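# Understanding the architecture of this molecule
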Amino acid sequence: MKKEKIKIEHELHSNSENIIWNLISTDTGLAKWVADYVMEIDGTLTFRWGEEWSSHEIRRAKVVRRTRNEYVRLKWEDDTDKDAYLAFRMIYSELTDDYILCVTDFALADETDSLEMMWEQNFDRLRQSTGL
């Protein structure tokens, strides 16, 4: 079954492209707000939610494209929809002098609301861990 594209934009309270870039392009940055643990080896990111010693979920994604200070696109290894991906784009707003973080993700039609809620929780986690 084909998944639907979801785009979520979140204004960050920062005009530092290096800070934003590190949050979306490095395992250390992603671990601050997307998962409990992230490690990159040879262009593959391993994400873990939950504690290793208890109930947890692990997913792996291949870095498909990384354009410095602009865009990161990942492809989940276990995703059967060939058109689905996860992307992070940083957009500078001259109006606010801050960056906007745009997340593109895909979900089945009956899962779009829960996916949007999950990303809102991730943005809350980002705000709590970094102040952005």
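Scroll up to find the structure this text is about.
First, a word on what this report is: a plain description of the structure on this page.

### So, helix 3 (residues 112-130)
Here helix 3 is 19 residues long and its end C-alpha atoms lie 27 Å apart, about the 27 Å a rise of 1.5 Å per residue gives. Buried residues of helix 3: T112, L115, W119, N122, F123 and L126, and no others. Mapping the buried residues of helix 3 onto a view down its axis gives an arc of 100°, with all of them on the same face. In helix 3, the exposed positions angled more than 90 degrees off the buried face are occupied by D113, M117 and Q128. Considering only its buried residues, helix 3 is in contact with strand 1 (4-11), helix 1 (17-25), strand 6 (86-93) and strand 7 (98-107). Directly beyond the C-terminal end of helix 3, a positive phi value near 85° is found at G131.

### Quick word on a nonpolar patch on the surface
There is a patch of nonpolar side chains on the surface, built from Y37, M39 and I41 and spanning about 260 Å² of accessible area. Among the secondary structure elements, I41 is positioned in strand 2 (residues 37-41).

### What about the pattern of salt bridges?
Under the definition given, this model contains eight salt bridges. Of the charged contacts, one joins R125 and D36 as a salt bridge, the two residues approaching to 3.5 Å between their closest N and O atoms. Taken as a pair, R125 in helix 3 and D36 in the loop between helix 2 (27-30) and strand 2 lie far apart in primary sequence, 89 residues in all. By relative accessible area, D36 is classed as partly exposed at 41%. A salt bridge links R127 to D124; the shortest N-O distance between them is 2.4 Å. Within this pair, R127 and its partner D124 are both found in helix 3, separated by three residues, close to a single helical turn. When salt bridges with common partners are traced through the structure, they connect K2, K82 and D83 into a single cluster.

### A closer look at the sheet that holds strand 6
Ordered by their spatial adjacency, seven strands build an open sheet running 1-7-6-5-4-3-2, and the pairing between neighbours is antiparallel. In this open sheet, the two edge strands, each paired with only one partner strand, are strand 1 and strand 2. Across the sheet, the mean angle from the axis of one strand to that of its neighbour is 25°, orientation sign disregarded. Bridge analysis of strand 1 against strand 7 gives eight bridges, and the strand direction is antiparallel. Looking at strand 7, one finds that K7 is bridged to T104. Across the sheet, helix 1 is in contact with strand 2, strand 4 (56-67), strand 5 (71-76), strand 6 and strand 7; its angle to strand 6 comes to roughly 170°. Across the face of the sheet, helix 3 comes into contact with strand 1, strand 6 and strand 7 while running at roughly 25° to strand 1.

Parameters and conventions
Residues numbered from 1 in each chain as written. Predicted model: local features only at pLDDT ≥ 70, side-chain atom pairs only at ≥ 80, totals over all residues. Heavy atoms only, no water. Helix = DSSP H or I, 4+ residues; strand = E, 2+ residues; numbered from the N terminus. Expected span 1.5 Å × (residues − 1). Buried < 20%, exposed > 50% of the residue type's maximum accessible area, 1.4 Å probe, protein only. Arc of directions from axis to C-beta. Contact = heavy atoms within 4.5 Å. Patch = residues over 30% accessible without salt bridge, like charges linked within 9 Å, V, L, I, M, F, W, Y side chains within 5 Å. Areas by Shrake-Rupley, 256 points an atom, 1.4 Å probe, with all protein chains shown as cover. Salt bridge = Lys/Arg side-chain N within 4 Å of Asp/Glu carboxyl O. Pairing = 2+ DSSP bridges. Axes fitted to C-alpha atoms, helices over the stretch in contact; angles between N-to-C directions.

Everything listed here is a matter of coordinates, which is why it stays silent on function.
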